[in-house]
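Structural features, examined
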Amino acid sequence: MSSARAELLKGTLNLLILRSLILQPDHGLGIARRIQQITKGTFDVKPGSLFPALHRLEEKGWLAAEWGQSENNRRAKFYRLTRAGRKRIESQVADWERVSAAINWAIVATS
Amino acid sequence: MMTISRLLRNIFFKDCIDRDLVEELQSYLDLLIEHKIAAGMSEQEARRAARLELGGIDQVRESIRDVHAGIGLQQVWQDLRYGAKVLCRSPGFSITAILVLTLAIGANTAVFSVIEGVLLRPLPYSAPDRLCLLWKSIPQRNIEWDWTSALTIRDWREQTEVFEDLAMILRPEGSKVTMRDDSGTEKLQGSIVSGNFFDLLGARPLLGRTFSRDEARRGENVAVLSYGFWQRRFGASNSVLGKTIPLDGRSALIIGVMPPSFEFPDKKAELWLLLTADPRWPTFQMQQFRIADAFCAVGRLKPGKPVEQARAEMKAISARLAQQHPATDTGLGVRVIPLFDQIAGPQVRSALWILGAAVLCVLLIACSNIASLLVARSAARRRELAVRAALGAGRRRLIQQLATESILLLLAGGIGGVVLAYGGLHSLLTLAPADLPRSNGIGINGIVLGFSFGLCLLTGLIFGLLPALQITRIEAQSGLHDRGRSSSPGPGVRRLRGALVATQYALAIVLLTGAGLLIRSFLLLNAVERGFDGSFRGNAPNQNIVVECRPFAQDPTLHARNIVSEGYFRLLGIRLREGRLFSDEDVAGKPAVAVINEKMAHHFWPSDSALGKRFKQVLPGMDEGGWTQ
């Protein structure tokens with residue numbers, strides 16, 4: 001995978017994770033399912049890419065994590081947006097819009 | 001945006017974080033299983049599907065760990081510990097490698113410290129590149145440099161436009177002084193210089209001051225000591241200033257001490273005295289002394305004036321002087337040589353650079369040696385590397401690990417090398433030619449340490465990284481496929497090994513050639529011209545000699561005459577036929593003495609011993625008789 005494409009996908013995943021947490025904190029599985037839901041099943045995020053992304057975002061300070069109880073009373077680690085993360089969403093969305101507009105334009109122009 | 005606290009947490013609570021991670025993944029797995037059961041799977045099925053989906057907790061853990069801040073540091077620490085363990089497990093290899101590195105880096109450090117001290121470090125004077133030495137030359141007789149007279153230098157100084165100033169230095173043979181005190185007598189190598197000497201060089205004393213203008217004008221008996229002499233004779237005591245030392249029956253007031261790096265005209269000089277205070281100074285200024293070979297000059301070029309311009313100007317000046325003083329200055333030239341070139345001439349330079357190249361060759365051979373050892377060892381480590389690669393260690397991580405082991409070896413070798421150089425430098429300097437300039441200042445300093453450090457990095461790159469790249473590439477290809485115990489190296493390893501052996505051969509040949517060159521140039525260095533030419537006959541013009549009880553004789557073959565100082569004959573290794581040489585007792589006020597050659601003795605006193613006979617020279621203003629020996 002070329003590194004530019006990897007960055008693009010990484011950025012997309014980051015955006016999706018941040019978006020999925022706008023309403024409420026959630027744990028890993030919840031986030032994966034929420035992403036699946038909001039992308040209408042297009043993105044099925046596997047733990048192998050989800051967890052590194054979560055930890056990367058936490059490392060950047062956009063997410064905060066704490067242990068809590070899941071809906072069926074299981075211990076799980078919950079992630080929530082920090083203030084920096086919330087701010088970040090806007091710029092990420094702007095980035096994404098620029099990229100997707102460019103790609104759209106490229107597709108229209110070449111077809 | 002990695003905060004420091006996060007970094008510290010990652011480093012110091014690494015185990016906590018790791019446990020947390022495992023727990024998190026476990027809870028994810030449990031939730032997933034529950035979710036699948038809720039979707040209608042049997043528990044067993046759900047468990048299997050969930051595990052499959054997670055794809056192995058360990059792999060996920062590895063990939064998460066890599067995103068943590070400070071993971072680099074953690075890995076370095078981990079690699080260091082692991083590397084140390086690996087090296088301890090094969091002490092034979094490790095000790096060999098470290099010893100080879102110690103020797104190579106030690107040799108390089110030691111030789112570089114000499115090169116740095118002699119060639120790279122600027123001379124300890126202000127704007128040293130503007131300093132030149134000026135000598136007399138006699139082009140017709142191929143005498144490139146020779147001493148000249150005080151009067152000549154005075155004329156140079158008056159006429160030059162290119163030099164800011166010129167200072168005079170009496171030749172070392174004439175600058176010896178005897179110090180007599182309660183503890184006995186000691187012969188000292190002084191340096192008798194004009195009053196502007198220190199100011200011209202821009203050399204500051206370590207202690208006290210240098211000659212003042214008034215002292216120079218009045219010709220006061222003041223002395224500036226060299227660092228070595230001050231240490232040896234006065235125990236580096238600060239109270240030495242203001243003391244007097246008895247020199248040649250006069251007492252000289254100590255006014256300053258120079259730093260150890262100050263060695264001028266060479267490192268033998270133990271103290272500096274004012275020329276104007278010297279009892280011979282009036283004689284030196286006499287017109288008939290214009291023929292004497294007693295002084296050289298050190299000059300400071302005006303800023304921006306090149307040496308070539310000084311040479312051209314001095315040529316014009318000497319031509320002018322030859323017209324003014326046809327009897328003494330005909331056929332004389334001036335040699336202007338940058339001070340640095342005089343101190344570290346081409347012989348010294350090429351010898352040191354060749355020595356440097358030779359030890360660098362040794363280092364490269366050591367590198368290729370260790371590299372091939374590493375490659376050979378890698379055969380035994382293929383399985384280990386393959387297993388680690390299969391467990392999720394990336395190629396970068398493996399290279400990092402191998403590089404860490406190399407760095408550990410280097411660290412040990414580098415430290416050993418510097419210690420070796422520190423200890424060995426002294427013996428290296430005793431091996432060096434005695435007249436190696438500026439050897440006092442040679443030592444392991446920051447620059448040398450920096451050089452060694454750079455050398456270590458370079459070495460590590462060569463012997464550590466190349467094999468690591470090669471090996472990991474091979475591992476990535478063959479991986480675990482090679483399940484058998486056969487550890488026969490693949491074609492890549494064989495190629496690399498072949499290349500390393502070839503490199504070693506090539507370097508060894510270069511080294512051998514270099515060593516040959518080195519020996520040759522060291523021999524040359526030791527045989528550097530001793531300051532006189534085989535055909536040297538002095539430059540005195542014809543003078544008439546009147547021999548006592550003889551009619552006036554005029555014979556051009558006999559008229560070459562030389563005024564020399566007492567060390568002259570010893571210096572040139574000329575042996576005496578009869579009588580004695582000049583001694584300390586032959587000073588101003590005593591009867592003048594002369595040593596004549598066999599031809600003169602035979603000519604004037606064919607039947608008789610010439611010892612004790614008297615003659616005199618017909619020279620204006622000089623009428624004292626001398627007795628020959």
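Residues numbered from 1 in each chain as written. Chains lettered and ligands numbered in written order. Predicted model: local features only at pLDDT ≥ 70, side-chain atom pairs only at ≥ 80, totals over all residues. Heavy atoms only, no water.

A look at the state of the cysteines
Applying the stated criterion across every chain, the model contains zero disulfides over all chains. Here cysteine 456 of chain B stays unpaired: no disulfide links it, and the sulfur of cysteine 367 of chain B, its closest cysteine neighbor, is 9.7 Å away. (Disulfide = S-S within 2.5 Å.)

Let's talk about the nonpolar core
In terms of nonpolar packing, the biggest core is built from 44 residues, with Trp156 and Leu225 of chain B touching the most fellow members. Among the elements that make up this core, the one with the highest residue count is helix α12 (residues 307-324) of chain B (five residues). In contact with leucine 225 of chain B, other than residues within four places in its own chain, are Trp230, Phe234, Val240, Ile245, Ile254, Gly256, Val257, Met258, Glu270, Leu271 and Trp272 of chain B. Residues Val45 and Leu57 of chain A together with Leu21 and Ala50 of chain B belong to the second largest nonpolar core, which totals 35 residues. (Core = buried A, V, L, I, M, F, W, Y, C linked by side-chain atoms within 4.5 Å. Buried < 20%, exposed > 50% of the residue type's maximum accessible area, 1.4 Å probe, protein only. Helix = DSSP H or I, 4+ residues; strand = E, 2+ residues; numbered from the N terminus. Contact = heavy atoms within 4.5 Å.)

A few points about the pattern of salt bridges
Residues and elements named next belong to chain B. Overall, the coordinates contain 28 salt bridges over all chains when judged by the stated rule. Note that aspartate 155 and arginine 154 form a salt bridge whose closest N and O atoms lie 3.7 Å from each other. Aspartate 155 sits in the buried class, given a relative accessible area of 6%. Linking aspartate 165 and arginine 157 is a salt bridge whose minimum nitrogen-to-oxygen distance equals 2.7 Å. (Salt bridge = Lys/Arg side-chain N within 4 Å of Asp/Glu carboxyl O.)

Regarding the pairing of strand β1 (residues 131-138) of chain B
All names here are of chain B. Counting buried residues in β1 gives eight out of eight residues, a clear majority hidden from the surface. Burial along β1 is two-sided: Leu131, Leu133, Trp135 and Ser137 facing one way and Cys132, Leu134, Lys136 and Ile138 facing the other are all buried. Direction of pairing for β1 relative to strand β11 (residues 295-301): antiparallel, over a ladder of four bridges. Bridge assignment links leucine 134 to a residue of β11, and that residue is alanine 297. The pairing of β1 with strand β12 (residues 333-338) spans six bridges and is antiparallel. The residue bridging leucine 134 from the neighbouring strand is valine 336, located in β12. Relative to strand β2 (residues 143-146), β1 is paired through two bridges, and the arrangement is antiparallel. Residue pairing in the sheet places lysine 136 in a bridge with aspartate 146 of β2. Counting the residues between successive antiparallel strands, the hairpin from β1 to β2 contains four residues, one of them, asparagine 142, with a positive phi of roughly 55°. (Pairing = 2+ DSSP bridges.)

Here we look at the packing of helix α7 (residues 150-159) of chain B against α12 of chain B
Residue and element names in this part refer to chain B. Where α7 contacts α12, the two axes come as close as 10 Å, and the packing angle between them is 125°. For the element pair α7 / α12, the angle class is oblique. For the pair α7 and α12, the sense of crossing is right-handed. When α7 is examined against α12, the residues Thr152, Asp155, Trp156 and Gln159 are found in contact with a partner set consisting of Glu313, Met314, Ile317, Arg320, Leu321 and Gln324. Within the contact of α7 with α12, the residues separate by chemical class into four nonpolar, three polar and three charged. (Axes fitted to C-alpha atoms, helices over the stretch in contact; angles between N-to-C directions. Parallel < 35°, antiparallel > 145°, perpendicular 65-115°, else oblique. Left-handed = near helix turned anticlockwise from the far one by under 90°. Nonpolar A, V, L, I, M, F, W, Y, C, P; charged D, E, K, R; others polar.)

Overview of the packing of helix α2 (residues 28-38) of chain A against helix α3 (residues 47-60) of chain A
Residue and element names in this part refer to chain A. Contact pair α2 / α3: the axes reach a minimum separation of 11 Å and the direction vectors enclose 110°. Here α3 runs roughly perpendicular to α2, going by the angle between their axes. Contact with α2, carried on its side by Gly28, Ile31 and Ala32, involves Leu50, Phe51 and Leu54 of α3 and no other residues of that element. Class assignment of the residues belonging to the contact of α2 with α3 gives a composition of five nonpolar, one polar and no charged.

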